[in-house]
Amino acid sequence: RVHAGAPVGVPSVFPCVRDPCGSGAALAGAHVAPLHLQEYVQKATEARAFVIGDDVRATEIHSQEDAETRDDWRKYPLRKEGDQTVVDRDRWKCSPLELPSDVADQLRTVARRLHMAYAAIDLIRTPAGRFVFLEANANGAWAFAEDRGNVPLVDLFVRLLRRSTNPVERAP
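Remember, it's a predicted structure, so these values are computed and weren't measured experimentally.

A.B. asks: An account of the pairing of strand β7 (residues 131-137) is needed here, citing residue identities and associated values.
C.D. replies: Sheet analysis places strand β6 (residues 118-125) next to β7, joined by 6 bridges and oriented antiparallel. Paired with Ile124 across the two strands is Val132, which belongs to β7. Connecting β6 to the next strand, β7, in antiparallel fashion are 5 residues, including Gly129 with a positive phi near 90 degrees.

A.B. asks: Describe the sheet that holds strand β1 (residues 45-52), naming the residues involved and giving the relevant values.
C.D. replies: The strand order across the open sheet formed by 5 strands is β5-β2-β1-β6-β7, and the pairing between neighbours is antiparallel. Whereas interior strands pair on both sides, the edge strands pair on one side only; in this sheet they are β5 (94-96) and β7. Across the sheet, the mean angle from the axis of one strand to that of its neighbour is 25 degrees, orientation sign disregarded. In this sheet, strand β2 (residues 55-61) lies alongside β1 in antiparallel orientation, the contact comprising 7 bridges.

A.B. asks: Now, about the packing of aromatic side chains: what can you tell me, with residues and values included?
C.D. replies: In total, this model carries 6 aromatic pairs according to the counting rule given. Ring centres 5.2 Å apart and planes at 40 degrees place the aromatic pair Trp73 and Phe144 in the tilted group. Of this pair, Trp73 sits in the loop between β2 and β3 (78-81) while Phe144 sits in helix α2 (residues 143-147), and the two are 71 residues apart along the sequence. Overall, the relative accessible area of 13% leaves Phe144 in the buried class. Note on Tyr118 and Phe157: the rings are 5.1 Å apart at their centroids and 55 degrees apart in plane angle, and the pair reads as tilted. Taken together, the positions of Tyr118 in strand β6 and Phe157 in helix α3 (residues 154-165) put the pair 39 residues apart, joining distant regions of the chain.

A.B. asks: If you had to explain the pairing of strand β4 (residues 84-87) to someone new, which residues and values would you point to?
C.D. replies: Relative to β4, β3 is paired through 4 bridges, and the arrangement is antiparallel. Pairing of Glu81 across the sheet is with Gln84, part of β4.

Calculation criteria
Residues numbered from 1 in each chain as written. Predicted model: local features only at pLDDT ≥ 70, side-chain atom pairs only at ≥ 80, totals over all residues. Heavy atoms only, no water. Pairing = 2+ DSSP bridges. Helix = DSSP H or I, 4+ residues; strand = E, 2+ residues; numbered from the N terminus. Axes fitted to C-alpha atoms, helices over the stretch in contact; angles between N-to-C directions. Phe/Tyr/Trp six-rings, centres within 6.5 Å; stacked < 30°, edge-to-face > 60°. Buried < 20%, exposed > 50% of the residue type's maximum accessible area, 1.4 Å probe, protein only.

See below:
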């Protein structure tokens, strides 16, 4: 079923339940748009990792603290400000996250195999502390992590751009 509130072209996450009757009704409208299904994973938090060249940084997104972001951190909590609706940045929280070295290495490998100099990779951290890979975005948002999560990224982008345009700084 296509969600009526989602803007066209914006991916949305909606929890689904098994079709109790086996009728297929839950997927009846699946042919109208690309669809990716995956098993539900219980979340402690969500994370977005940034692979920029060989550097990996991450921000932990405290999505489970707010009902509006519990299923999808991109469903930002909103509030009224005069006659406008704006993101309630006091309720939308993220912080720096130090990924385990084996997870960072795996993310570098994903980016390399996909030939991505930059990748924004979404993860779930389970209540047991395990990281689960969701997707790698070639043009994923990153400024929020620097602005809201104190994760410095601009200098890494500058270094990557210098290295890719300067033959002296290019990796062999």
